[in-house]
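Residue-level structure breakdown
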Amino acid sequence: MRRKLVAGNWKMNGSAESIRGLLQGIREGAAAVAAVELAVFPPFVYLESVEKQLSGTTVGWGTQNLSEHTSGAYTGEVAGPMLQDFHCKYVIVGHSERRTLYGETDQVIARKFAAARKVGVCPILCVGETLEEREKGVTEAVVERQIKAVLDLEGIGPFAEAVIAYEPVWAIGTGRTATSAQAQEVHAFIRAKLAAFDAHVAQQTRILYGGSMKAANAGELLAMPDIDGGLIGGASLEAKEFLAIAKAGC
Ligand code: PEP
């Protein structure tokens, strides 16, 4: 049985003060949604503060990115062992904003996935097609290519614990959500692709949906058999809305 994960990607938002309020709200509401695992992904600079505020609670934390390198002359980068210092449980790799705005290729992302595993931080691998790719009918080919890069480097084994987030790019931050049927179709495709390598592992892999998920549509999405949680952007910046999404998954 896969426990649902509701993960909040704060992107480049928040301040020390707003984060205190947000985390207080999440801490206060977490017990009521205990059937679902919660995790938050602050900007790097708030990591230490988030760790302090969440230590000893059931809410996990992680970062939105990491370097593929372990240390050295990589100005502006943050390495896996640094995430370990702050007891990160998860790290997001290959978010579509990293792919499109910062030119991260499937291969770079696969190396980031490996770098996270090397330090015992669970990667959340984001995959998903653009609107143009969906309209061309190549959604499955795109998602398969993105996952294959990781399979080629790391094999199927890590997917017993690693998380995949299917995030159609056209649904991220646009208010336009995939229908539950559209999302389920791609999630089932991803699981079938993993099952071709190892059916047991494929049953364990949590596959989250991301793209304008909010309390109003979460119930329908999270009821789908292959949707094991959500990666939430905008709606994760308000404790009440974030917790309401989790509630829909309970
Ligand atoms: C995201 O950035 O991963 C995301 C899903 O954003 P939003 O929920 O705002 O669409």
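This is a predicted model, so every value here is computed, not measured.

In this section: the sheet that holds strand S8 (residues 229–232). Pairing is parallel in the closed barrel, where eight strands are placed in the order S1-S2-S3-S4-S5-S6-S7-S8. Adjacent strand axes in the sheet meet at a mean angle of 25° when their direction is disregarded. Where strand S5 (residues 122–127) and strand S6 (residues 163–166) come together, four bridges link them in parallel fashion. Note on S6: the bridge partner recorded for leucine 125 is isoleucine 164. In the packing of helix H2 (residues 47–54) onto the sheet, the strands contacted are strand S2 (37–41) and strand S3 (60–63), and the crossing angle to S3 comes to about 170°. Sheet strands in contact with helix H5 (residues 106–118) are strand S4 (90–93) and S5, and its direction is about 160° off that of S5.

Now for the UniProt feature "binding site: substrate" (unreviewed entry) in the protein chain. Taking the UniProt record as the reference, the feature "binding site: substrate" (unreviewed entry) is found at Asn9, Trp10, Lys11, Gly173, Ser212, Gly233 and Gly234. In summary, the annotated positions, though distributed over 226 residues, converge in three dimensions, the widest C-alpha pair being only 13.8 Å. Relative to the elements of secondary structure, glycine 173 occurs in the loop between S6 and helix H8 (180–195). Summarising the element assignment, serine 212 is placed in the loop between strand S7 (206–210) and helix H10 (215–222).

This brings us to the packing of aromatic side chains. Applying the stated criterion to the full structure yields two aromatic pairs. Arginine 98 extends its terminal NZ or CZ atom over the ring of tyrosine 102, reaching a point 4.1 Å from the ring centre.

Residues Leu38, Ile147, Phe159 and Ile190 are the most contacted members of the largest nonpolar core, which totals 64 residues. Contact partners of isoleucine 147, with chain neighbours within four places excluded, come to Leu125, Val127, Phe159, Ile164, Ile190 and Leu194.

Moving on to the pattern of salt bridges. Two side chains that carry opposite charge are able to pair once their charged atoms sit near each other. Considering all chains together, one arrives at 17 salt bridges under this definition. Between lysine 11 and glutamate 97 there is a salt bridge, with the nearest N and O atoms lying 2.8 Å from each other. Taken together, the residues lysine 11 in the loop between strand S1 (5–9) and helix H1 (16–30) and glutamate 97 in helix H4 (residues 96–101) connect sequence positions 86 residues apart.

The element S5 is largely enclosed, with a buried count of six among its six residues. Alternating positions in S5 separate into two faces, Cys122, Ile124 and Cys126 on one and Pro123, Leu125 and Val127 on the other, with burial throughout. Both S4 and S5 contribute to a ladder of four bridges, which runs parallel. Each bridged residue has a counterpart across the sheet, and for valine 93 the counterpart in S5 is leucine 125.

Attention shifts here to the site of the ligand. Taken together, 14 residues are adjacent to the ligand, and Lys11, His95, Glu167, Gly173 and Ser212 come closest. Within the side chain of glutamate 167, an N or O atom sits 2.6 Å from an oxygen atom of the ligand. Glycine 173 is positioned such that a nitrogen or oxygen atom in its backbone is 2.6 Å from an oxygen atom of the ligand. Contact with the protein chains covers 95% of the free accessible surface of the ligand, which is 290 Å². Here the shell around the ligand is composed, by residue class, of four nonpolar, eight polar and two charged.

Before going further, it helps to spend a moment on the packing of H5 against helix H7 (residues 139–154). Contact geometry for H5 and H7: axes closest at 9 Å, N-to-C directions at 50°. Between H5 and H7, the interaxial angle falls into the category oblique. Classified by chirality, the crossing of H7 by H5 is right-handed. Residues Asp106, Gln107, Ala110, Arg111, Phe113, Ala114 and Arg117 of H5 pack against Arg145, Gln146, Ala149, Val150, Leu153 and Glu154 of H7. A per-class count over the contact of H5 with H7 returns six nonpolar, two polar and five charged.

Rules of the game
Residues numbered from 1 in each chain as written. Predicted model: local features only at pLDDT ≥ 70, side-chain atom pairs only at ≥ 80, totals over all residues. Heavy atoms only, no water. Pairing = 2+ DSSP bridges. Helix = DSSP H or I, 4+ residues; strand = E, 2+ residues; numbered from the N terminus. Axes fitted to C-alpha atoms, helices over the stretch in contact; angles between N-to-C directions. Contact = heavy atoms within 4.5 Å. UniProt positions renumbered as here; feature names shortened; annotations may be inferred. Phe/Tyr/Trp six-rings, centres within 6.5 Å; stacked < 30°, edge-to-face > 60°. Lys NZ or Arg CZ within 6 Å of the ring centre and 35° of its normal. Core = buried A, V, L, I, M, F, W, Y, C linked by side-chain atoms within 4.5 Å. Buried < 20%, exposed > 50% of the residue type's maximum accessible area, 1.4 Å probe, protein only. Salt bridge = Lys/Arg side-chain N within 4 Å of Asp/Glu carboxyl O. Near = heavy atom within 4 Å. Polar contact = N/O pair within 3.5 Å; in protein donor to acceptor, adjacent residues only side chain to side chain. Areas by Shrake-Rupley, 256 points an atom, 1.4 Å probe, with all protein chains shown as cover. Nonpolar A, V, L, I, M, F, W, Y, C, P; charged D, E, K, R; others polar. Parallel < 35°, antiparallel > 145°, perpendicular 65-115°, else oblique. Left-handed = near helix turned anticlockwise from the far one by under 90°.

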